[in-house]
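Observations on the three-dimensional arrangement
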Amino acid sequence: QVQLVESGGGLVQPGGSLRLSCAASGNIFSIYAMGWYRQAPGKQRELVAAIGTGGTTTYVDSVKGRFTISRDNAKNTVYLQMNSLKPEDTAVYYCNSYPPLGRVPGRSDYWGQGTQVTVSS
């Protein structure tokens, strides 16, 4: 059974920080790279950061130097530390495998409820 539960979002002022967490079911977390994605109003969902099973990371250019993705293999949890937040970071943030489950052969598309991040003064 697939489980992706995001948490940690909220309202923060520009320049502030948040740490997002995602608890994933073991049948996903232990096998796949994991990613954080976001979807702003009126925009398509985009990849923000990804981390391989061995710890290799990749980031979209707009968050490089500000966001850090990490994973705790013992807890089946992936994190996104977000610093120096900007209003344009406002979005619903989701975690999923990388690529997302819907693009993995043999897997059905699935997304959790996401967590809202709002950056505003």
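Predicted, not measured: the structure shown is a model, and the values here were computed from it.

Conventions we followed
Residues numbered from 1 in each chain as written. Predicted model: local features only at pLDDT ≥ 70, side-chain atom pairs only at ≥ 80, totals over all residues. Heavy atoms only, no water. Pairing = 2+ DSSP bridges. Helix = DSSP H or I, 4+ residues; strand = E, 2+ residues; numbered from the N terminus. Axes fitted to C-alpha atoms, helices over the stretch in contact; angles between N-to-C directions. Buried < 20%, exposed > 50% of the residue type's maximum accessible area, 1.4 Å probe, protein only. Phe/Tyr/Trp six-rings, centres within 6.5 Å; stacked < 30°, edge-to-face > 60°. Lys NZ or Arg CZ within 6 Å of the ring centre and 35° of its normal.

**Digging into the sheet that holds strand β3 (residues 18-24)**
- Within the open sheet, the 4 strands sit side by side as β1-β3-β8-β7. Their pairing is antiparallel. A strand with exactly one partner marks an edge of an open sheet, and here the two such strands are β1 (4-7) and β7 (67-72). Geometrically, the sheet is characterised by an average inter-axis angle of 15° between neighbouring strands, direction not taken into account.
- Direction of pairing for β3 relative to strand β8 (residues 77-82): antiparallel, over a ladder of 6 bridges. In the sheet register, Arg19 faces β8, and the bridge partner there is Gln81.

**As for the pairing of strand β10 (residues 115-119)**
- Here β10 shows a clear split, with Thr115, Val117 and Val119 buried on one side and none of Gln116 and Thr118 buried on the other.
- In the sheet, strand β2 (residues 10-12) pairs with β10 via 3 bridges, with the strands oriented parallel. Paired with Leu11 across the strands is Thr118, a residue of β10.
- Bridge count between strand β9 (residues 91-98) and β10: 3 bridges; the pairing is antiparallel.

**Details of the packing of aromatic side chains**
- Per the counting criterion, the structure on display carries 2 aromatic pairs.
- Where Tyr37 meets Trp111, the ring centres are 5.2 Å apart and the plane angle is 85°; that geometry is what we call edge-to-face. Within this pair, whereas Tyr37 is found in strand β4 (residues 33-39), its partner Trp111 is found in the loop between β9 and β10, the two being separated by 74 residues in sequence.
- With a centroid separation of 5.8 Å and 80° between ring planes, the pair formed by Tyr94 and Trp111 is classed as edge-to-face. Linking Tyr94 in strand β9 with Trp111 in the loop between β9 and β10, this pair joins segments that are 17 residues apart in sequence.
- A relative accessible area of 12% places Tyr94 in the buried class.
- Through a chain of ring-to-ring contacts, the aromatic side chains of Tyr37, Tyr94 and Trp111 assemble into a single cluster.
- The ring of Tyr94 carries the charged tip of Arg45 above its face, separated from the ring centre by 4.7 Å.

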